[in-house]
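Residue-level listing of the chains:
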Amino acid sequence: MTVTLKVTDDEEGEWAVLRVSGEMDLVTSPVLRQRVHDAVADGRRSLVLDLSEVLFCDSSGVGVLIAIRRLIRSCQGRLRLILPAQGAVDGSHVNRVLAALGVRRLFDVYPDVAAAVGEESTPLSA
């Protein structure tokens, strides 16, 4: 069985949007870390991670998300996560994992990209 993680990038105004799909684990999550580092190296400081298509996330994936948060904060940037309440199987897997580990409150979470890049939008409560 091959575990894969796909990251595609897009732009929405001043926001760099990385759409992530597949599984975030020890083997695959460094791909996301590198893509974020590349975006920051290119001068991007406003970042949306669309995690709505992530089917699995273990502690390594959570560690990468926390490291990304730390990186973005260190350069006075903004990070927003897309973790929809409704998903293929009872909502976002990543949302449930972050909540179970008690770190969901560290992130600004939005239901979709449009809400995340909107100037007057507010994050979902933890």
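Residues numbered from 1 in each chain as written. Predicted model: local features only at pLDDT ≥ 70, side-chain atom pairs only at ≥ 80, totals over all residues. Heavy atoms only, no water.

So what exactly am I meant to see when it comes to the pattern of salt bridges here?
A side chain with one charge may pair with a side chain of the opposite charge, provided their charged atoms come close. Applying the stated criterion across every chain yields a total of five salt bridges. Residue Asp9 pairs with Arg35 through a salt bridge whose shortest N-O separation is 3.6 Å. With Asp9 in strand 1 (residues 5-12) and Arg35 in helix 1 (residues 29-41), this residue pair connects regions lying 26 residues apart in the sequence. Under the relative-accessibility criterion, Asp9 is labelled exposed at 56%. Of the charged contacts in the structure, one is a salt bridge between Arg19 and Asp50, with a shortest N-O distance of 3.9 Å. Of this pair, Arg19 sits in strand 2 (residues 15-24) while Asp50 sits in strand 3 (residues 46-57), and the two are 31 residues apart along the sequence. With relative accessibility at 29%, the residue Arg19 sits in the partly exposed group. Residue classification places Asp50 among the buried residues on the basis of a relative accessible area of 11%. (Salt bridge = Lys/Arg side-chain N within 4 Å of Asp/Glu carboxyl O. Helix = DSSP H or I, 4+ residues; strand = E, 2+ residues; numbered from the N terminus. Buried < 20%, exposed > 50% of the residue type's maximum accessible area, 1.4 Å probe, protein only.)

Looking at this model, I keep getting lost on the nonpolar core. Mind explaining?
Side chains of a nonpolar character, in soluble globular proteins, are inclined to be buried together. Of all hydrophobic cores here, the largest spans 28 residues; its most connected members are Leu32, Leu49 and Leu51. Going through the elements one at a time, strand 1, strand 2, helix 1, strand 3, helix 2 (59-74), strand 4 (78-82) and helix 3 (93-101) are the ones with two or more residues in this core. The contacts of Leu32, once residues within four sequence positions are left out, are Leu5, Val7, Leu18, Val20, Met24, Leu49, Val64, Leu65 and Ile68. By size, the runner-up hydrophobic cluster in this structure holds eight residues, among which are Trp15, Val48, Tyr110 and Val117. (Core = buried A, V, L, I, M, F, W, Y, C linked by side-chain atoms within 4.5 Å. Contact = heavy atoms within 4.5 Å.)

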